[in-house]
Amino acid sequence: MARANGIENIERDLTGNLERDFNIFIGAVLSDLSSRGKSISPIDTGFFMSSWTAGTQRPRPDQPRESHSPWNTIRPTGTGNQRNPNAVVEPRFIDDIPNFKLFSKVFIGNRSQYAARALASTESDIPQYVQGKLRNLIQQTFTDKKPKLGVAAFGTGVGYPSRNVRFTGGGIGQFSDPSSVFVDYETP
């Protein structure tokens, strides 16, 4: 959506929209990889799933589980399946992710020391996520057609049991006709 009127502002508007969508996309990927409900990352103690981050430099797998509470007290099962009731998933880096500039090279990676083993685990769905589901996320995020919700009623007002709401003033575009009713729901 354009923020400023005039064709001279189109480059700034498009750049702003792309940058916003780029950062939304990165946040969505990190959220997916760190979500216990999505079951993309293998989970044993929860440390690997909690260690996803993004930055302009490649994340180094230099964080041992044994040095971080509460994961240092959780005994790993070694299976990586999603059923360890003691696993704790608390994303550690998501709140520290900066806003990235458009066209900057961004690396999404895991800081756990055993990241390579976890990625190669039979319980890991990360390769399938990157090769399949990520395409849908890109198409949903980088689009001009954002979800919209439009609700309008007859021009005289809508009666509720406790109050009467009256619409005053004129509408815009398809909402400008006070004699028509418009209800439209679009989702991505």
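Here the structure is a predicted model, which is why all the values come from computation and not from measurement.

How each quantity is defined
Residues numbered from 1 in each chain as written. Predicted model: local features only at pLDDT ≥ 70, side-chain atom pairs only at ≥ 80, totals over all residues. Heavy atoms only, no water. Helix = DSSP H or I, 4+ residues; strand = E, 2+ residues; numbered from the N terminus. Buried < 20%, exposed > 50% of the residue type's maximum accessible area, 1.4 Å probe, protein only. Areas by Shrake-Rupley, 256 points an atom, 1.4 Å probe, with all protein chains shown as cover. Expected span 1.5 Å × (residues − 1). Contact = heavy atoms within 4.5 Å. Patch = residues over 30% accessible without salt bridge, like charges linked within 9 Å, V, L, I, M, F, W, Y side chains within 5 Å. Salt bridge = Lys/Arg side-chain N within 4 Å of Asp/Glu carboxyl O. Core = buried A, V, L, I, M, F, W, Y, C linked by side-chain atoms within 4.5 Å. Phe/Tyr/Trp six-rings, centres within 6.5 Å; stacked < 30°, edge-to-face > 60°. pLDDT = per-residue confidence, 0-100. Axes fitted to C-alpha atoms, helices over the stretch in contact; angles between N-to-C directions. Left-handed = near helix turned anticlockwise from the far one by under 90°. Nonpolar A, V, L, I, M, F, W, Y, C, P; charged D, E, K, R; others polar.

Caption draft 1: Just the overall build of the chain, in detail. When its secondary structure is counted, the chain shows three helices and six strands. N-terminal to C-terminal, the α/β element order of the chain is α-β-β-α-α-β-β-β-β. Taken over 188 residues, the chain has a buried fraction of 31%. Of the accessible surface of the chain, which amounts to about 12,700 Å², a share of 53% is contributed by carbon and sulfur atoms.

Caption draft 2: Highlighting helix α1 (residues 10-33). Taking 1.5 Å per residue as the helical rise, α1 with its 24 residues ought to reach 34 Å, and the 34 Å between its terminal C-alpha atoms agrees with that figure. Taken together, the buried positions of α1 are occupied by Asp-13, Asn-17, Asp-21, Phe-22, Asn-23, Phe-25, Ile-26, Ala-28, Val-29, Leu-30, Asp-32 and Leu-33. Residues of α1 that are buried in the fold lie against β1 (52-55), β2 (107-110) and α3 (126-141).

Caption draft 3: Region of the structure containing a nonpolar patch on the surface. A surface patch of nonpolar side chains, about 310 Å² in accessible area, is lined by Ile-7, Ile-10 and Leu-14. Mapped onto the fold, Ile-7 is located in the segment before α1. Classification of Ile-7 as exposed rests on a relative accessible area of 67%.

Caption draft 4: Examining the nonpolar core more closely. Core analysis: the biggest nonpolar cluster contains 18 residues, and Ile-26, Val-29, Leu-33, Tyr-129 and Leu-137 have the highest contact counts within it. Sort the elements by how many residues they give to this core and α1 lands first, with seven residues. Excluding its chain neighbours within four sequence positions, the residues that come into contact with Leu-33 are Ile-40, Ser-41, Met-49, Trp-52, Ile-108, Ile-126 and Tyr-129.

Caption draft 5: Representation of the packing of aromatic side chains within the structure. Counted according to the given criterion, the structure contains five aromatic pairs. A centroid spacing of 5.8 Å and a plane angle of 50° characterise the contact between Phe-25 and Phe-142, whose relative ring orientation is tilted. With Phe-25 in helix α1 and Phe-142 in the loop between α3 and β3 (148-151), the pair connects residues that are 117 residues apart, well separated along the chain. By relative accessible area, Phe-25 is classed as buried at 12%.

Caption draft 6: Representation of the confidence of the model for the chain. The pLDDT averaged across the chain works out to 77; a share of 70% of its residues lies at or above 70. When mean pLDDT is compared element by element in the chain, β1 scores highest at 94, while strand β5 (residues 164-165) scores lowest at 43. With pLDDT under 50 throughout, residues 148-169 is counted as low confidence; its partners more than four residues away or in other chains account for 37 contacts. With pLDDT under 50 throughout, residues 182-188 is counted as low confidence; its partners more than four residues away or in other chains account for 17 contacts.

Caption draft 7: Inspection of unusual backbone geometry at higher detail. Backbone torsion omega between Ser-69 and Pro-70 reads 5°, so that peptide bond is classified as cis. In this fold, Pro-70 is placed in the loop between β1 and β2. With a phi close to 70°, Phe-103 is a non-glycine residue in the positive phi region. Phe-103 sits in the exposed class, given a relative accessible area of 78%.

Caption draft 8: The packing of α1 against α3, seen in detail. Contact pair α1 / α3: the axes reach a minimum separation of 11 Å and the direction vectors enclose 145°. Where α1 crosses over α3, the two elements pack in a sense that is right-handed. Listed contacts from α3 to Asp-21, Ile-24, Phe-25, Ala-28, Val-29, Asp-32 and Leu-33 of α1 are Ile-126, Tyr-129, Leu-134, Leu-137, Ile-138 and Thr-141. Its residues placed into classes, the contact of α1 with α3 shows 10 nonpolar, one polar and two charged.

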